[in-house]
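Residues per chain, in single letters:
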Amino acid sequence: MQPIMINTIVMLGEKQMDQRAFVKRLAQAGPVIEGVEIRQELLPADEDTRKAFFLELLETGTQKGWQFFYSVPQSLFTNQGLNPQLDSWLAEAAAFKAASVKVNIGEVAGIAAVEPTELAALFAKYQVRLTIENDQTEANGRLKPVTEAIAAVAKGQLPIGYTFDVGNWLVMAEDLDLAFAQLKEKMTVLHLKNIDEKLETTLLDEGTAAWQSYLPKEVPVILEYPMAFAAIADEVAKTRAALVQHG
């Protein structure tokens, strides 16, 4: 079954709910999903509280058979090469056995300075994958720099995947069809969300894009937009049905 996962930004559709409580509620009464993407910026600041949450995630993953991904809103590449904080991000991911870490691209010029063996050693140490994403910035959210970054990653033979974010292209007023045509073969994860005329996220069927046209085969699909908890099951179900239809 093609994995469908929930990014914890979904919880912002409910008032007064933190990430820890949201994951617990998903596990107790949520829809049938294959995993959850945890957001670094929504983690508790206190180190002991954070570690306790990671231990809870380990237990939840075992009980539910979930996989966890980790979203880190930091730049992977600097002008000199890899961001020196990467090791700490991967260590955090390993603390709850996250299978994959998503980061921002950062400085495209720095990609050429990275050695594949440097990344391979980190991935072997932490048993995790890494992806970069088109975000909502001029530097990393336009089609030209994103395609340049992915080409540079390929040229350097760096073991880095790509998270294609449907809604971010719309927010940046980029040609979604063109972006999908050029990048769908590079995609290893899909962030699925839809956007209305005001450039605000909506439920899938209430946005401007025909979202079913941008579904990949095989790669994980992560729903990444705020919604009421009661809406999650329907959004997962319609995504599951569309994947079957387009499979």
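Residues numbered from 1 in each chain as written. Predicted model: local features only at pLDDT ≥ 70, side-chain atom pairs only at ≥ 80, totals over all residues. Heavy atoms only, no water.

(A) Representation of the side chain of Q19 within the structure. Mapped onto the elements of the fold, Q19 is located in helix 1 (residues 19-29). Excluding anything up to four places from it in sequence, Q19 contacts T8, M11, I38, R39, L42, L43 and F53. (Helix = DSSP H or I, 4+ residues; strand = E, 2+ residues; numbered from the N terminus. Contact = heavy atoms within 4.5 Å.)

(B) The pattern of salt bridges, seen in detail. For the coordinates displayed, the defined rule picks out 15 salt bridges. In this structure, the salt-bridge partner of R20 is E56, at a minimum N-O distance of 2.5 Å. Of this pair, R20 sits in helix 1 while E56 sits in helix 2 (residues 47-64), and the two are 36 residues apart along the sequence. Residue R20 is classed as partly exposed on the basis of its relative accessible area of 27%. Note that D87 and K125 form a salt bridge whose closest N and O atoms lie 3.6 Å from each other. Residue D87 is found in helix 3 (residues 86-95), and its partner K125 is found in helix 4 (residues 116-126); the two are separated by 38 residues along the sequence. Judged by relative accessible area, D87 falls into the partly exposed class, the value being 30%. Each member of the salt-bridge network shares a partner with another, and the members are R39, E41, D165, K193 and E224. (Salt bridge = Lys/Arg side-chain N within 4 Å of Asp/Glu carboxyl O. Buried < 20%, exposed > 50% of the residue type's maximum accessible area, 1.4 Å probe, protein only.)

(C) Geometry of the packing of helix 6 (residues 143-155) against helix 8 (residues 176-183). Close contact between helix 6 and helix 8 brings their axes to 11 Å; oriented N to C, the two are set at 5°. Comparing the axis directions of helix 6 and helix 8 gives the class roughly parallel. Contact residues: helix 6 offers L143, V146, T147 and I150, while helix 8 offers L178, A179, Q182 and L183. (Axes fitted to C-alpha atoms, helices over the stretch in contact; angles between N-to-C directions. Parallel < 35°, antiparallel > 145°, perpendicular 65-115°, else oblique.)

Without other data, these values stay purely geometric and don't point to any function.
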